[in-house]
Amino acid sequence: MRFLSALSLAVLSTAALASPAPKAKSDPFSADKWPLPAKVFGDTAGWATTHVHDPSLIKHGGHYYSFSTHLQVGIARSPTLHGPWTHLGSVISGQSAIDLPGRDDLWAPDVVRVGDTFYCYYSVSTFGSQNSAIGVATSKTLLPGSWTDHGAVLRSYDPTEYPAAPSPNNITNAIDPAVYADKRTGKPWIAYGSFWSNIWSFPLAKSLKTTAAAPAAVHVAYDPESPNPVEGPYVHQASNGWSYLFVSHGVCCGYNTSMPDAGKEYKIKVGRARSPQGPFLDRDGVDMKEGGGSVVFGSHGYVYGPGGQGVLVDGKKDILYYHYVDTRVSYVDEDKLLGWNEIKYVDGWPVLM
C-alpha cells in the first residue's frame with residue numbers, strides 16, 4: 001500500500017508539472033494589437049481621392065464625403081467607406097477671403113452639419129508660421145460650387161509682429177479646427193492648435209462664424225517637451241458618457257526628405273474627460289495639459305505616421321479616420337492614404353478594430 005501510495009503521488013506530481021500554465025491576460029491597448037487600416041479604393045490621381053491629408057468625413061444622402069488639405073479643400077465622395085472614392089472638386093473657388101499667406105492652399109478642414117447647413121472650417125497658414133487663421137464656408141449640399149466663403153472665424157498672431165494681440169491668440173497657432181456642440185448645454189465650441197501652446201477650445205457665437213466673448217477659452221492639451229509637437233485636435237462625445245480628445249503628436253510630413261527619429265513621427269493620442277472642455281486624462285491619469293496622452297494608433301507593419309484624425313458616428317458605430325503612409329508604396333506626402341477603423345471601448349477607452 002505504501003508503494004502504491006508513493007506511486008500515485010508521483011503520478012499526480014508529474015501530471016501537475018505537465019499541466020499548462022494559465023495564459024497571461026492579453027493587453028487590448030498594446031501596440032501589437034493595432035489593426036491595419038480598412039482597405040479603400042477608387043480614384044488615385046492626385047489629392048482628394050484615396051489620397052488625402054487631414055481628412056474630415058461626413059455622411060449625407062446615402063454617401064460618404066471626405067474633405068481634405070490642398071486643392072482649396074478637396075472633396076471626394078463614395079457610396080461606402082471602402083469606396084469607390086470619386087474626386088468631385090473643391091470647396092473654395094480661387095483664394096480664401098482671408099488675406100494671409102496660405103490663402104491659396106487651405107489645410108485641415110472640419111465639416112459639420114447644423115440644421116440644414118454644412119459648415120466647412122479650414123486653415124490658412126504657411127509652414128512654421130504663427131500668423132494663421134481659421135475660416136468658414138457654408139453649403140446646403142456639400143457639392144463643389146455650392147459653398148459660400150465667410151472668411152475668418154478667429155486668428156492667431158506672432159507677438160513679435162503684433163505686440164498688442166490678445167491672449168491666448170498670441171501664444172497659439174490657429175489651424176486644425178474641430179467644431180462640436182457641447183451635448184450638456186448645446187453651446188458650440190471650436191478646438192484648434194498646432195505646436196506653440198498646443199490645443200485650446202474657444203466658445204463660438206450662435207452664428208458659428210465668430211468666437212463668443214464668454215466663457216473664457218480653455219487650454220486642453222500641451223506637451224512641454226520642445227518642439228511641443230501636438231496638433232490636429234478632435235473632440236468626440238461618445239454615447240458612453242465620456243468625451244475624448246484625440247490629437248496628432250509628432251512630425252507630420254516630409255518623410256521622404258527628412259525621416260524623424262524612431263517614435264518621433266505622427267501618432268494618434270487620446271485622453272478622456274466627463275466634460276468636452278476637459279480636463280482630459282490619459283490611461284495613467286496624466287493630464288494632457290501636462291504632457292499626457294495615451295497612444296491609440298501609431299506606426300506598425302506597413303503603416304507609418306498616422307494622424308490628422310477625426311471620428312465619424314455611423315449609425316451605432318464610431319469610426320476613427322485618419323491619413324497614413326503605406327511604406328510599401330512611398331514616404332511621399334502625395335501618396336498618403338485615407339485610413340479608418342471601427343472603435344470599440346474597453347473599460348471606457350477607445351481600441352481600434
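Sequence order sets the numbering: in each chain, residues are counted from 1 along the sequence as written. Reporting in this predicted model follows two pLDDT cut-offs: at least 70 for local features of residues, and 80 or more for side-chain atom pairs to be given and counted; totals over whole chains, interfaces and linings ignore these cut-offs and use all residues. To get the side-chain values, take all heavy atoms of the structure and skip hydrogens and water.

Colleague: Help me understand the environment of Ala-205, please; the structure alone is not making it clear to me.
Modeller: Relative to the assigned elements, Ala-205 resides in the loop between strand 11 (199-203) and strand 12 (218-221). For Ala-205 and Val-153, which are 52 residues apart along the polypeptide, the C-alpha to C-alpha distance reads 9.8 Å. Only DSSP runs of H or I covering at least 4 residues are called helices, and only runs of E covering at least 2 are called strands; the numbering of each starts at the N terminus.

Colleague: Just checking my understanding: could you explain unusual backbone geometry for this structure?
Modeller: Trans is the common state for peptide bonds, and a negative phi is the common state for residues other than glycine. Residue Pro-168 is reached from Ser-167 by a cis peptide bond, and omega for that bond is 10°. One can find Pro-168 in the loop between strand 8 (148-156) and strand 9 (178-181). Looking along the chain, the bond that leaves Ser-226 and enters Pro-227 is cis, with omega of 10°. By the secondary structure assignment, Pro-227 is in the loop between strand 12 and strand 13 (230-237). Phi at Trp-196 is positive, roughly 40°, even though this residue is not glycine. Structurally, Trp-196 is set in the loop between strand 10 (188-192) and strand 11. Here the phi dihedral of Asn-228 falls at roughly 55°; this positive angle occurs in a residue that is not glycine.

Colleague: Explanation requested: the pattern of salt bridges in the structure shown.
Modeller: Pairing between side chains of opposite charge can happen when the charged atoms of each approach one another. We define a salt bridge as a contact between a side-chain nitrogen of Lys or Arg and a carboxyl oxygen of Asp or Glu at a distance within 4 Å. Within the structure shown, the criterion is met by six salt bridges. Here Arg-103 and Asp-99 are joined by a salt bridge, their closest N and O atoms 3.2 Å apart. Among the ionic pairs, Arg-184 bridges to Asp-182, the shortest N-O distance being 2.8 Å. Look at Arg-184 and you get exposed, because its relative accessible area is 53%. A simple rule labels every residue: compare its accessible area, found with a 1.4 Å probe on the protein chains alone, to the largest value its type can have, and call it buried under 20%, exposed over 50%, or partly exposed in between.

Colleague: Could you clarify how one ought to interpret the environment of Gln-72 in this entry?
Modeller: Positionally, Gln-72 belongs in the loop between strand 2 (63-68) and strand 3 (74-78). Take Gln-72: its relative accessible area is 8%, and that puts it in the buried class. Apart from the residues within four sequence positions on either side, Gln-72 is in contact with Ser-90, Val-91, Ile-92, Gly-94, Gln-95, Ser-96, Arg-103, Asp-104, Asp-105 and Leu-106. Polar contacts, as used here, are pairs of N or O atoms within 3.5 Å; protein pairs need one atom able to donate a hydrogen and one able to accept it. Residues neighboring in sequence count only if both atoms are side-chain atoms. Polar side-chain contacts of Gln-72 include one of 2.6 Å to the backbone oxygen of Gly-94. Looking at Gln-72, its side chain comes within polar contact range of the main-chain nitrogen of Leu-106, at 3.3 Å. Residue contacts follow a heavy-atom distance rule, with two residues in contact if any of their heavy atoms lie within 4.5 Å.

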